[in-house]
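Take a look at the letters that make up each chain.
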Amino acid sequence: MSEKLRIAVLGAGRMGCGIAQVFCAADHRVFLYDIDSRSLERAPETIRGYCQLLEMDPSVSQNLRCKSDLEATIADADVVIEAVPERLELKREIFAYLDVSTSRRAILATNTSAIPIAEIAANLKTPDRVLGMHFWNPPHLVPLVEVVQASQTRPDVVERAMALLASAGMSPVHVRRDIPGFIGNRLQHALKREAIALVATGVCDALTLDRVVKEGFGARLAVLGPLEQSDLVGLDLTLAIHETLMPDLDCTREPHPYLRAKVADGKLGIKAGVGFRSWTTQEAAATQARLDQHLAQTARQRLREKQTNHQSRNPG
Ligand code: NAD
C-alpha cells in the first residue's frame, strides 16, 4: 500500500506506542491520543527508542503527532485503532463516540485481547466497519496481528485491514469467528490452564514447568506449529496419545482456585516479588532483558531478510 494514510491510535501505553511505531515506520501519518498527558509526553522518545532497537532510522518518528484532543486525533482518520485498558464499558464509550464522529469510510479497530468485537460494537450505527486488530506484545517486535471479523463486519473492511497490516510489514491472519480470546489467547490460556493445574496438584513446581516448555516442545514452537508437528509425527500417533491423555487433562471451567488464591494473597507476580514463584529484582530484570533481546534479535533478522528479498527483486 503506497498511499499515505491517517492512522489514529487511541491510548499511548505499551501497545499504543508499539502500534504507532509500526505505522510511522511504514510511512503513514500517525496521530496518537491519550487522556494521560504524561503518557503522551513520553511517547515520542519511546517510539524513537523502538526504532533504534530495530536499527531503523529514528526520523520515521517525524510521522508521529501526539494529541491531547480526541476530536483532532480522529479528524479525517482512515483507520482508528483503540488501545485503551481492557475494560468493556470504556471501549464501548469510545466506539460510541467514534461511530458518530469519524468519516463513514474509516475503519474502526480495537486491540482488545479477549473481548468479542460484537460486545464492543453493540448498539452502534455502523458496526459493519468495526473489527479486531489484535497486535501482540510488543507490536514493534512481534509480527502477528489477528484481524477479527465480527458477524456484522463487512468483508471489504477485513480485506483493507489485512492489506494495510501486510504492507506495514506485519503478519495478519483472518479470524473468521468473533469468539473470546480469538485464536492466540485461547491457545495460550489453554496451555496455562494445564500448567496451573500441574503445579496446583504438586506434579512439579513453577520453575520445572517453565523449563519443560522452554527446553522441550517450546524450543521448536517458533518454527513448527502444533498441527504441523502432528502431521510430522503422524495423526495416528497423535490420536493414540489423545486416547490416553484427554480424559486426564484439566478441564476446570473457570479460573483455577490456585490462581484465585494467589491473587487474593497479593502474589501478583514480578511486580509483587512473588507469583507462581518468588522473584528477586535482579532475576526480574534479567528475565525482561532476555525476552527483549530475543525478540529484538529475531525482529532485526526479519527486517534484514525483507531488505535482502526486496533488493534481489529490485536490483539496481
Ligand atoms: P496500558 O495500560 O499500557 O496503556 C493504556 C493507555 O490507555 C494508558 O496510557 C492510559 O492512560 C490510556 N487511556 C486510558 N483511558 C483512556 C481513554 N479514555 N482514552 C485514551 N487513552 C486512555 O495498556 P496496554 O497493555 O497498552 O493495553 C491496551 C489494550 O491492548 C488492552 O485492550 C489490552 O488488553 C490490549 N493488549 C495488551 C497486550 C499486552 O500484553 N499488554 C497484548 C495485546 C493486546
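Quick notes on the rules
Residues numbered from 1 in each chain as written. Predicted model: local features only at pLDDT ≥ 70, side-chain atom pairs only at ≥ 80, totals over all residues. Heavy atoms only, no water. Helix = DSSP H or I, 4+ residues; strand = E, 2+ residues; numbered from the N terminus. Rg over C-alpha atoms; globule rule 2.2 N^0.38 Å. Buried < 20%, exposed > 50% of the residue type's maximum accessible area, 1.4 Å probe, protein only. Contact = heavy atoms within 4.5 Å. Areas by Shrake-Rupley, 256 points an atom, 1.4 Å probe, with all protein chains shown as cover. Lys, Arg positive; Asp, Glu negative; His and termini not counted. Charge placed at Lys NZ, Arg CZ, Asp CG, Glu CD. Pairing = 2+ DSSP bridges. Right-handed = clockwise from strand over helix to strand, strands pointing away. Domains from an automatic or database assignment. Near = heavy atom within 4 Å. Polar contact = N/O pair within 3.5 Å; in protein donor to acceptor, adjacent residues only side chain to side chain. Nonpolar A, V, L, I, M, F, W, Y, C, P; charged D, E, K, R; others polar. Salt bridge = Lys/Arg side-chain N within 4 Å of Asp/Glu carboxyl O.

1. Describing the overall build of the chain
Here's step 1: Looking only at helices and strands, the chain features 13 helices and 8 strands.
Here's step 2: In summary, the chain has a C-alpha radius of gyration of 21 Å against a globular reference of 20 Å for 316 residues, a match within 12%.
Here's step 3: For the chain, the C-alpha atoms occupy an extent of roughly 55 × 55 × 45 Å along the three principal directions.
Here's step 4: Sorting the 316 residues of the chain into buried and exposed places 39% on the buried side.
Here's step 5: Considering only contacts within the chain whose residues lie at least 6 apart along the sequence, 65% involve residues at least 24 apart.
Here's step 6: As displayed, the chain has an accessible area near 18,200 Å², and 55% of this comes from carbon and sulfur atoms.
Here's step 7: Distance from the positive charge centre (38 side chains) to the negative charge centre (38 side chains) of the chain: 3 Å.

2. Side note on the pairing of strand β7 (residues 144-148)
Here's step 1: In terms of burial, β7 is a largely internal element, 4 of the 5 residues being buried.
Here's step 2: Taken together, the 4 bridges between strand β6 (residues 130-135) and β7 define a ladder with antiparallel strand orientation. Of the residues in β7, the one forming a bridge with M133 is V147.
Here's step 3: In this fold, the crossover linking β7 to strand β8 (residues 171-175) by way of helix α6 (residues 155-167) has right-handed handedness.

3. Some details on the domain arrangement of the chain
Where interface size is given, it is often the accessible area lost as the parts come together that is meant.
Here's step 1: The assigned domain composition of the chain is domain 1 (6-175) and domain 2 (184-253).
Here's step 2: Taken over C-alpha atoms, the centre of domain 1 sits 33 Å from the centre of domain 2.

4. Here's the deal with the site of the ligand
Here's step 1: In the neighbourhood of the ligand, 23 residues make up the surrounding shell, with M15, D34, E86, K91 and S113 lying closest.
Here's step 2: Between the ligand and the protein, one listed contact pairs an oxygen atom with a backbone N or O atom of V84 at 3.2 Å.
Here's step 3: Protein contacts shield 76% of the accessible area of the ligand, which totals 830 Å² for the unbound molecule.
Here's step 4: Elements supplying a minimum of two residues to the shell around the ligand: α1 (14-25), α4 (88-101) and β6.
Here's step 5: Residues that form the shell around the ligand fall into these classes: 10 nonpolar, 8 polar and 5 charged.

5. A few points about the pattern of salt bridges
Here's step 1: Overall, the coordinates contain 14 salt bridges when judged by the stated rule.
Here's step 2: Salt-bridge contacts for R211 lead to E215; the nearest nitrogen and oxygen are separated by 3.2 Å. A residue pair is termed a helical-turn pair when its members lie 3 or 4 positions apart in one helix, as R211 and E215 do in helix α8 (residues 206-215) at 4 residues. Exposure class is identical for R211 and E215. Each is exposed.

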